[in-house]
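Architecture and fold: a report
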Amino acid sequence: QNYLDNFWPDLKAAHELFDSILQARRERESESQENRGKEYPEHLPLEILEAGIKSGRYLQGTLNVNKHRAQLEAFVRLQGFGSKDTG
C-alpha cells in the first residue's frame, strides 16, 4: 500500500487490484477462522467417522492423485492392506 501511495499515486488500476487482493485475503482469513484452521469443511463430524471406522462401516485410506492427470487418475490406498488391495 505504501509503495503504491508513494510511487504510483495516480495509477488507479494498481490501487484497485491491491484493494481487490486485500479484500480476498481478508475473506479467506475470516473463512479459515470460521473453519477453525481447517482448509476444508468436514463432511461428517470426527466422532461419527471414528465410530464408523471402528465398526467397519467406513474404511480409512490415503488418496493418491496423479499430478499430471489429476482429473483422470487417482486411487485410494487402504490402511492395513497390501499395495495390491487398492480400489
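Details of the structure are given in the entry above.
Residues numbered from 1 in each chain as written. Predicted model: local features only at pLDDT ≥ 70, side-chain atom pairs only at ≥ 80, totals over all residues. Heavy atoms only, no water.

1. Some remarks on the environment of Arg77
By the element assignment, Arg77 lies in strand β2 (residues 74-78). When its relative accessible area of 35% is taken as the criterion, Arg77 is described as partly exposed. Sequence separation of Arg77 and Gly61 is 16 residues, and the distance between their C-alpha atoms is 5.3 Å. (Helix = DSSP H or I, 4+ residues; strand = E, 2+ residues; numbered from the N terminus. Buried < 20%, exposed > 50% of the residue type's maximum accessible area, 1.4 Å probe, protein only.)

2. Focus: the packing of aromatic side chains
For the structure on display, the rule yields one aromatic pair. Aromatic pair Tyr3 and Phe7: ring centres 5.2 Å apart, planes at 40 degrees, arrangement tilted. You can see Tyr3 and its partner Phe7 sitting in helix α1 (residues 2-7), four residues apart, about one turn around the helix. The residues Tyr3 and Phe7 share a single accessibility class, namely exposed. (Phe/Tyr/Trp six-rings, centres within 6.5 Å; stacked < 30°, edge-to-face > 60°.)

3. Comments concerning a nonpolar patch on the surface
On the surface, Tyr3, Phe7, Trp8 and Leu11 cluster together to form a nonpolar patch covering roughly 480 Å² of accessible area. The exposure class assigned to Tyr3 is exposed, which follows from its relative accessible area of 52%. (Patch = residues over 30% accessible without salt bridge, like charges linked within 9 Å, V, L, I, M, F, W, Y side chains within 5 Å. Areas by Shrake-Rupley, 256 points an atom, 1.4 Å probe, with all protein chains shown as cover. Salt bridge = Lys/Arg side-chain N within 4 Å of Asp/Glu carboxyl O.)

4. Structural notes on the pattern of salt bridges
Opposite charge on two side chains permits pairing when their charged atoms draw close. Scanning the model with the defined rule gives three salt bridges in all. As a salt-bridge pair, Glu29 and Arg25 come within 3.3 Å of each other at their nearest N and O atoms. One end of the pair is Glu29 and the other is Arg25, both in helix α2 (residues 12-34) and four residues apart, which spans about a single turn. Residue classification places Glu29 among the partly exposed residues on the basis of a relative accessible area of 38%. Here Arg69 makes a salt bridge to Glu73, at a shortest N to O gap of 2.8 Å. Given the relative accessible area of 33%, Glu73 is considered partly exposed.

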